[in-house]
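Structural characterization, general
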Amino acid sequence: MANSASGMAVNDECKLMFLDLKTKRNYRFIIFKIDERIQQVMVEKLGQPEETYDDFTASLPADECRYAVFDFDFVTDENCQKSKIFFISWAPDTSRVRSKMLYASSKDRFKRELDGIQVELQATDPSEMSIDIVKARAL
């Protein structure tokens, strides 16, 4: 169902794949893109469980906006194994202004569809979502 504020619909596959990531841990990450032609958020890429954060960041286009979720595993200071699901809004400075506006106006609605997001990051440059920043936000 399209949202009146952004006019953006969310493909059911987005919710189903996110549920698989969250409950079954079938994926390490999911990259979503807005198909402007049909005004819908779609799954662009699924990262396999063995893929790393570097594989994830390499999958993001250098000059186009994307949404992504990443299942981040880490060990706490108390030596406990934990996991947090990050929602990342990727809007590089080099992307089109129209694209940045579309992703910004649709983000909250899309994020509400993905129940279980624990941490949100917004990045316009790879340095804003380095592994060190992700680790610091997870703890």
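Residues numbered from 1 in each chain as written. Predicted model: local features only at pLDDT ≥ 70, side-chain atom pairs only at ≥ 80, totals over all residues. Heavy atoms only, no water.

So, on to the overall build of the protein chain. Regarding its fold elements, the protein chain presents four helices and six strands. Computed over the C-alpha atoms, the radius of gyration of the protein chain is 15 Å, within 12% of the 14 Å expected from 2.2 N^0.38 for a compact globule of 139 residues. Projected onto its principal axes, the C-alpha coordinates of the protein chain cover approximately 45 × 30 × 25 Å. The burial tally for the protein chain puts 43% of its 139 residues in the buried class. Long-range contacts, defined here as pairs at least 24 residues apart, represent 61% of the contacts in the protein chain between residues at least 6 apart. Of the roughly 7,500 Å² that the protein chain leaves accessible, carbon and sulfur atoms contribute 49%. Taking the 20 positively charged and 24 negatively charged side chains of the protein chain as two groups, their mean positions are separated by 5 Å. (Helix = DSSP H or I, 4+ residues; strand = E, 2+ residues; numbered from the N terminus. Rg over C-alpha atoms; globule rule 2.2 N^0.38 Å. Buried < 20%, exposed > 50% of the residue type's maximum accessible area, 1.4 Å probe, protein only. Contact = heavy atoms within 4.5 Å. Areas by Shrake-Rupley, 256 points an atom, 1.4 Å probe, with all protein chains shown as cover. Lys, Arg positive; Asp, Glu negative; His and termini not counted. Charge placed at Lys NZ, Arg CZ, Asp CG, Glu CD.)

Here Asp 71 is to be found in strand β4 (residues 66–75). Asp 71 sits in the buried class, given a relative accessible area of 2%. Within the structure, the side chain of Asp 71 is placed 2.9 Å from the side chain of Arg 25, a separation counted as a polar contact. (Polar contact = N/O pair within 3.5 Å; in protein donor to acceptor, adjacent residues only side chain to side chain.)

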